[in-house]
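Breakdown of the fold
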Amino acid sequence: MATHPAQDRLNGKVAVITGAASGIGKQIALLFAEQGAKVVILDMDKDAATQVAEEIERKGGSAMGVAANVTDEEQVDSAFAETVATFGRIDVMIANAGSQHVEPIHKLSFENWKKVTDIQLDGSFLCTRAAFRQMMKQDDGGCLIYMGSAHSHEASAMKSPYVTAKHGLLGLCRTMAKEGAQYGIRSNVICPGYVKTPLVEKQIPDQAREHNMTEEEVVEKVFLKETVDQTFTTVEDVAETALYLVTFPSTALTGQSIMVSHGWYMQ
Ligand code: NAD
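The following paragraphs examine the structure supplied in this document. Predicted model, so just to flag it, every value in this text is computed and none were measured.

**Here we look at the packing of aromatic side chains**
If you walk through the whole model with that rule in mind, you get four aromatic pairs. Ring geometry for Phe132 against Tyr183: centres 5.8 Å apart, planes inclined by 90 degrees, an arrangement best described as edge-to-face. Taken together, the residues span a long stretch of sequence, with Phe132 in helix H4 (residues 110–138) and Tyr183 in the loop between helix H5 (160–180) and strand S6 (185–192) at a distance of 51 residues. Residue classification places Phe132 among the buried residues on the basis of a relative accessible area of 9%. When the ring of Tyr194 is compared with that of Phe223, the centres are 4.0 Å apart and the planes differ by 10 degrees; the resulting orientation is stacked. Taken together, the residues Tyr194 in the loop between S6 and helix H6 (198–211) and Phe223 in helix H7 (residues 215–223) connect sequence positions 29 residues apart. Taking relative accessible area as the criterion, Phe223 reaches 1% and is therefore assigned buried.

**Thoughts on the pattern of salt bridges**
On inspection of all chains with the given rule, the structure shows 11 salt bridges. The salt bridge involving Arg209 is made with Asp206; its shortest N-O contact spans 3.3 Å. One end of the pair, Arg209, and the other, Asp206, are both in helix H6, three residues apart, so they sit about a helical turn from each other. According to the relative accessible area criterion, Arg209 is exposed, its value standing at 56%. On the basis of relative accessibility, which here comes to 26%, the residue Asp206 falls in the partly exposed class. The structure contains a network of salt bridges with shared partners spanning Lys26, Glu55 and Lys59.

Calculation notes
- Residues numbered from 1 in each chain as written.
- Predicted model: local features only at pLDDT ≥ 70, side-chain atom pairs only at ≥ 80, totals over all residues.
- Heavy atoms only, no water.
- Phe/Tyr/Trp six-rings, centres within 6.5 Å; stacked < 30°, edge-to-face > 60°.
- Helix = DSSP H or I, 4+ residues; strand = E, 2+ residues; numbered from the N terminus.
- Buried < 20%, exposed > 50% of the residue type's maximum accessible area, 1.4 Å probe, protein only.
- Salt bridge = Lys/Arg side-chain N within 4 Å of Asp/Glu carboxyl O.

What follows is the structure, given as structure tokens:
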């Protein structure tokens, strides 16, 4: 992946990224910090969040790890208050924290349904509201990004809570595009295909068991089957898309979802 010649495309911006202690969120945090943003690593894994913030600081960037569960109203509000107290403002909020659970509906417990939908939907609501309130006050625009998925547009068997939640994010994004317009706040969804992160590594044995396939067959016949070139999307691909959205120079690009999926689902 090419690096950007300009290293200051996000100078002066403050970005809160949820679930940024691992995988996709971590790569977005590293890229945004490299581009000059002050980055808040908001994650329920406190140690990992601190480590990512330290890694950024060692490279000369500016970052803060904040431990919070995105499903907890008080923790979210206090994490955003801490962000404003430390960095003075919020320009970007990326609702990226997520989890997966693979099981057919007849075996699925309410608890496991709620675990997945609460993080993605309740968590995205709470973080959106906290960021939006601050962006409104600043009256200087802002950028909301939701980490959707190819599963925001497509369904896969055995992923009902995930597919439902990822479709739901399109509704939240589109509503925020309308409510945000008068403040210059844009709202978009990134929809990655399969990316090799801990979230996906954990699913391979589960999917193999549920589909009665080997792990290699799951990768080939389930994960990459619909791509044009049987290739995984990378964390870098998704981070570059987030940078593109944040640095887009006008308010024209709002209320949209962007597929980064090697052609899996073409809009
Ligand atoms: P990951 O498991 O590597 O990272 C998820 C992070 O979210 C972890 O650091 C975890 O501690 C944090 N987290 C989980 N629940 C939380 C909560 N309640 N509060 C705060 N933090 C919480 O996962 P990833 O693959 O990087 O996924 C990130 C996002 O990208 C998710 O929304 C996921 O659905 C989406 N996505 C992933 C893929 C993929 O193939 N990996 C594809 C499409 C979309």
